[in-house]
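One-letter residues, chain by chain:
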Amino acid sequence: MIHSVAISEMVGTNYYSPLKGNLKECMKQAAELGFDGVELHVRSPKLDYAELADYAASLNLKITTIGTGMACHYDGHYMTNPNYIARQAAIDCLNQFMEAGKASGGAAIMFCLMKGPLPDPKLREFYKDMLYESLLPVVDTAERLGVDLTIEAANRFQSSYLWSTEETLDFVNRFKSDRVTIHLDSFHMNIEDPNFYESIVKCGKKLGHFHFSDNDRCYPGHGHIDFKEILLALKEIGYMKNGVGAYEYDSIPNCLESAKLGLAHIKKLEKELGLK
C-alpha cells in the first residue's frame with residue numbers, strides 16, 4: 001500500500017491534516033517521516049501542480065490525491081447550486097481540479113463537500129439526481145485526462161447526503177465509468193456503516209481511496225477502531241498492492257507526532273498481519 005499523508009496550506013488547528021503550513025516544507029517532513037506520498041488539501045486548482053509534483057519526486061514522494069473541500073467551504077462552489085451561473089462556476093472549478101490532477105502526475109481528485117447542502121430532506125433523491133447531472137461533464141473530463149474522481153462517503157453530521165458506503169457506492173455506480181470510484185474514511189465508516197470488513201469488500205475494485213483516522217478523529221491507535229479488520233478487508237480486495245492509504249486527522253498532540261504515530265501504528269499492524 002502507498003502510505004500518503006494529508007498536508008494543508010491552511011494552518012488552523014481544527015483542520016484535518018496532520019501536517020500543515022508551507023506545502024514544500026510539509027513534503028520534506030513527510031519524506032523524513034517515511035511516507036510514500038502526500039495528499040494536497042488546497043483551496044485553488046490554479047497552483048503550479050507540475051512544479052509541486054517535481055518537488056515531491058525529488059523527495060521520492062508522489063502526489064496521490066488532491067482535496068476540493070476548501071473550494072466549497074471558503075469559495076462557495078457546490079454542484080447543486082440552484083443558480084445556474086454559480087453551478088457552472090462550480091463545474092468549471094472541479095474541471096480545473098481534474099486538470100490539476102493530471103499536472104500532478106495523475107493524482108486522484110477527492111469529492112465530498114462540493115456536492116452541496118440538502119435544503120429539504122424529502123428531496124434527497126432529487127438533489128442526488130441534480131448532482132449526477134452536474135458531475136457528468138466532470139466525468140467526461142476525467143475520462144479524457146485519465147484522472148480519477150473519487151467520491152467520499154461522509155457522515156451525517158458533516159455531510160448532507162451520501163453518508164454510508166452503500167448509498168455512496170450506488171451513486172458511484174450510476175456513472176458506468178472506471179474513472180469514478182468511492183472514497184472511504186474509517187472515521188466516517190465508524191458512524192455510518194455497521195461493519196468495516198463487509199463495507200470494504202462490497203466496494204471491491206471500485207474502492208479508489210482510503211483515509212485512516214480513528215473514531216475520535218485522531219491518529220490510528222489513539223481510539224478504538226480495529227484497523228486489523230480494515231487492513232484484512234483491503235487485502236481481500238487487492239487494495240494493499242497499489243492502493244493509497246492516506247492519513248487524515250487532527251494534529252494531536254502536534255503535527256509531526258500525529259503523522260508519525262499514525263504511520264507507525266498502521267505499519268506495525270501490517271507487519272503483524274504479514275502484509276508487508
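Parameters and conventions
Residues numbered from 1 in each chain as written. Predicted model: local features only at pLDDT ≥ 70, side-chain atom pairs only at ≥ 80, totals over all residues. Heavy atoms only, no water. Helix = DSSP H or I, 4+ residues; strand = E, 2+ residues; numbered from the N terminus. Rg over C-alpha atoms; globule rule 2.2 N^0.38 Å. Contact = heavy atoms within 4.5 Å. Salt bridge = Lys/Arg side-chain N within 4 Å of Asp/Glu carboxyl O. Buried < 20%, exposed > 50% of the residue type's maximum accessible area, 1.4 Å probe, protein only. Pairing = 2+ DSSP bridges. Core = buried A, V, L, I, M, F, W, Y, C linked by side-chain atoms within 4.5 Å.

Structural notes on the overall build of the protein
Alright, step 1. Across its full length, the protein holds eleven helices and nine strands.
Alright, step 2. Relative to a compact globule of 276 residues, whose C-alpha radius of gyration would be 19 Å, the protein shows 17 Å and is just as compact.
Alright, step 3. Referenced to the eigenvectors of the C-alpha coordinate spread, the extents of the protein come out at roughly 50 × 40 × 35 Å.
Alright, step 4. Partitioning the intrachain contacts of the protein with sequence separation of at least 6 by distance along the chain shows that 75% fall at a separation of at least 24.

A few points about the pattern of salt bridges
Two side chains bearing opposite charge may form a pair once their charged atoms approach each other closely.
Alright, step 1. One pass over the full model with this rule turns up 15 salt bridges.
Alright, step 2. Glu166 is paired through a salt bridge with Lys202; the nearest N and O atoms lie 3.9 Å apart. Of this pair, Glu166 sits in helix α6 (residues 165-173) while Lys202 is found in helix α8 (residues 196-203), placing the two residues 36 residues apart along the sequence.
Alright, step 3. Look at Glu166 and you get partly exposed, because its relative accessible area is 48%.
Alright, step 4. Here Lys202 falls in the partly exposed class, since its relative accessible area comes to 48%.
Alright, step 5. Overlapping salt bridges bring together Arg124, Glu125, Lys128 and Glu167 as one network.

Re the environment of Leu263
Alright, step 1. Its place among the elements puts Leu263 in helix α11 (residues 255-272).
Alright, step 2. With 17 residues separating them along the chain, Leu263 and Ala246 place their C-alpha atoms 9.5 Å apart.
Alright, step 3. In this structure Leu263 touches His3, Leu33, Gly34, Phe35, Tyr247 and Tyr249, once residues within four positions along its chain are discounted.

Here we look at the pairing of strand β7 (residues 180-185)
Two faces belong to every sheet, and in a regular strand the side chains alternate between them.
Alright, step 1. Burial runs high along β7: six of the six residues are buried.
Alright, step 2. Residues Val180, Ile182 and Leu184 line one face of β7 and the alternating positions Thr181, His183 and Asp185 line the opposite face, and both faces are buried.
Alright, step 3. Of the strand pairs in this sheet, strand β6 (residues 149-152) and β7 are connected by four bridges, and their pairing is parallel. Pairing of Thr150 across the sheet is with Thr181, part of β7.

Quick notes on the nonpolar core
Alright, step 1. Leu135 and Leu234 are the most contacted members of the largest nonpolar core, which has 84 residues in total.
Alright, step 2. With sequence-adjacent residues up to four places away left out, Leu135 is seen in contact with Met79, Leu94, Phe111, Leu149, Ile151, Phe171 and Phe175.

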